[in-house]
Amino acid sequence: MIINPKDMEVTVREHMRGGDGQVESQCVVPSDKLLHSRLFAKLTLNEGCSIGEHQHSGEIEYYYILSGNGIVTEADGDYPVAKGDVVITGWGNSHAIRNSGKAPLELLAVISVEK
């Protein structure tokens, strides 16, 4: 199966998870094609935008930073992230992410469900 970018649905969410501004989500793999996962998307956060603090129970979320700079907030503090970094959160822990730069923060987000 090949999925062409022109066939990937793009949506814009306001104040995602209570965050600031908008988050553009490009559905890279439709949910009906995922196995043991519920999300595989490219997310774009423009300057000043964020995804608010949220928790993952029974699932694990992976962020692979494609470009830009951000700050990830976890229970034990704030961590800078940039191109090439991977963030892994789950097991009932919470996290948030915000764009800390002028350029868009782009990342791949994958949420897999625990067995």
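This one's a predicted model, so the numbers in the text were calculated from it and none came from an experiment.

1. Focus on the nonpolar core
Then step 1. With 16 residues, the main nonpolar core has Leu43, Leu45, Ile51, Tyr63, Ile65, Ile97 and Leu107 as its most contacted residues.
Then step 2. Secondary structure elements with two or more residues in this core: strand S3 (37-45), strand S5 (59-67) and strand S10 (105-113).
Then step 3. Not counting residues within four places of it along the chain, the set of residues in contact with Leu107 comprises Ala41, Lys42, Leu43, Leu45, Tyr63, Tyr64, Ile65, Leu66 and Ile97.

2. Remarks on unusual backbone geometry
Then step 1. Positive phi, normally seen in glycine, also occurs at His36, with a value near 60°.
Then step 2. Inspection of the secondary structure puts His36 in the loop between strand S2 (22-27) and S3.
Then step 3. Among the residues examined, His36 registers a relative accessible area of 41% and is labelled partly exposed.
Then step 4. The phi angle at Trp91 is positive, at roughly 55°, despite the residue not being glycine.
Then step 5. By secondary structure assignment, the location of Trp91 is in the loop between strand S8 (86-90) and strand S9 (94-99).
Then step 6. A relative accessible area of 53% means that Trp91 is categorised as exposed.

3. Some words on the environment of Arg38
Then step 1. Relative to the helices and strands, Arg38 resides in strand S3.
Then step 2. For Arg38, a relative accessible area of 40% gives the class partly exposed.
Then step 3. Sequence separation between Arg38 and Asn93 is 55 residues, and the spatial gap between their C-alpha atoms is 18 Å.
Then step 4. Setting aside chain neighbours within four positions, we find Arg38 in contact with Arg17, Ser31, His56, Glu59 and Ile111.
Then step 5. A polar contact is formed between the side chain of Arg38 and the side chain of Glu59, at a distance of 2.9 Å.

Procedures and definitions
- Residues numbered from 1 in each chain as written.
- Predicted model: local features only at pLDDT ≥ 70, side-chain atom pairs only at ≥ 80, totals over all residues.
- Heavy atoms only, no water.
- Core = buried A, V, L, I, M, F, W, Y, C linked by side-chain atoms within 4.5 Å.
- Buried < 20%, exposed > 50% of the residue type's maximum accessible area, 1.4 Å probe, protein only.
- Helix = DSSP H or I, 4+ residues; strand = E, 2+ residues; numbered from the N terminus.
- Contact = heavy atoms within 4.5 Å.
- Polar contact = N/O pair within 3.5 Å; in protein donor to acceptor, adjacent residues only side chain to side chain.

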